[in-house]
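Structure assessment
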Amino acid sequence: MKHEELVKRCVKLAERNVRDGQAPFAAIVTRGGEVVSEAVNDGKATFDPTAHGEIRAIQMAGTKLETTDLSDCELYTNCEPCPMCLAAIHWSGIKQVYYGLSIGQQAEFDEMPQELYEAFRTGEHSVKLHDYSGKVDGAAPFRLEERE
Ligand SMILES: [Zn+2]
């Protein structure tokens, strides 16, 4: 299937998801031109704020292919990935992402992704990070992993 057709398929899946009362997002993971997984944002149904289509599609692809290395896969989505999904895509090893609506274009409907990109770029976000590394041995699991 061609890239454009797969992006269009994501748009259709996202439209169906909206009709099902969910958020307007869907994603597909492919390998060698074959669809490995397709998923929608089901965060409203599952009460999971991280249930973005890209995250779900990556999880399903990893489970199906029995690997955490998806570097030979591609990802398609109806919208440019948010920072969380972009990070997940990075962790998965996926190198090619195709989307149908940019973050800038999406801002007309939802400003959150653009605000998140800006917050992480500037370091100005509402999450307070509390560093206890001087008080607890947070490196213990890594030393254990080295011995195993
Ligand atoms: Zn996302």
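Residues numbered from 1 in each chain as written. Predicted model: local features only at pLDDT ≥ 70, side-chain atom pairs only at ≥ 80, totals over all residues.

Here we take up the overall build of the protein chain. Of regular secondary structure, the protein chain possesses seven helices and four strands. Projected onto its principal axes, the C-alpha coordinates of the protein chain cover approximately 50 × 35 × 25 Å. In the protein chain, which comprises 148 residues, the share counted as buried stands at 30%. In the protein chain, of all internal contacts separated by at least 6 residues, the share reaching a separation of at least 24 is 46%. (Helix = DSSP H or I, 4+ residues; strand = E, 2+ residues; numbered from the N terminus. Buried ≥ 20, exposed ≤ 12 C-beta atoms within 10 Å, placed from the backbone. Contact = placed C-beta atoms within 7 Å.)

Relative placement of two packed helices is described by the angle separating their axes and the distance separating the axes. Remark: helix 3 (residues 53-65) packs on helix 4 (residues 83-92), axes separated minimally by 9 Å, with the N-to-C direction vectors making an angle of 20 degrees. With respect to helix 4, the element helix 3 is oriented roughly parallel. Considering how the two elements wind past one another, helix 3 and helix 4 form a crossing that is left-handed. Contacts between helix 3 and helix 4 involve Glu 54, Ile 55 and Ile 58 from the former and Cys 85, Ala 88, Ile 89 and Ser 92 from the latter. Looking at the contact of helix 3 with helix 4 residue by residue, the classes come out as five nonpolar, one polar and one charged. (Axes fitted to C-alpha atoms, helices over the stretch in contact; angles between N-to-C directions. Parallel < 35°, antiparallel > 145°, perpendicular 65-115°, else oblique. Left-handed = near helix turned anticlockwise from the far one by under 90°. Nonpolar A, V, L, I, M, F, W, Y, C, P; charged D, E, K, R; others polar.)

Take the sheet that holds strand 2 (residues 34-40) next. Adjacent strands of a sheet form backbone hydrogen bonds with each other and so pair up, either parallel or antiparallel. The strand order across the open sheet formed by four strands is 2-1-3-4, and the pairing between neighbours is mixed. Lying at the two open borders of the sheet, with one neighbouring strand each, are strand 2 and strand 4 (96-99). Strand-to-strand twist across the sheet, computed as the mean angle between neighbouring axes with direction ignored, equals 20 degrees. Pairing between strand 1 (residues 26-31) and strand 2: six bridges, direction antiparallel. The partner of Ile 28 across the bridge, within strand 2, is Glu 38. (Pairing = 2+ DSSP bridges.)

We now examine the environment of Tyr 98. Considering the arrangement of structural elements, one finds Tyr 98 in strand 4. For the pair formed by Tyr 98 and Tyr 76, sequence separation is 22 residues and the distance between their alpha carbons is 4.8 Å.

Take the pairing of strand 3 (residues 73-77) next. The buried fraction of strand 3 is high, at four of five residues. Judged from the five bridges that link them, strand 1 and strand 3 form a sheet pairing that is antiparallel. Across the sheet, residue Thr 30 finds its bridge partner in strand 3, namely Glu 74. Bridging between strand 3 and strand 4 involves four bridges; their strand directions are parallel. Each residue of the ladder has a partner; that of Leu 75, found in strand 4, is Val 97. On the question of chirality, the crossover connecting strand 3 to the parallel strand 4 by way of helix 4 is right-handed. (Right-handed = clockwise from strand over helix to strand, strands pointing away.)

Purely spatial values, then, with no claim about function.
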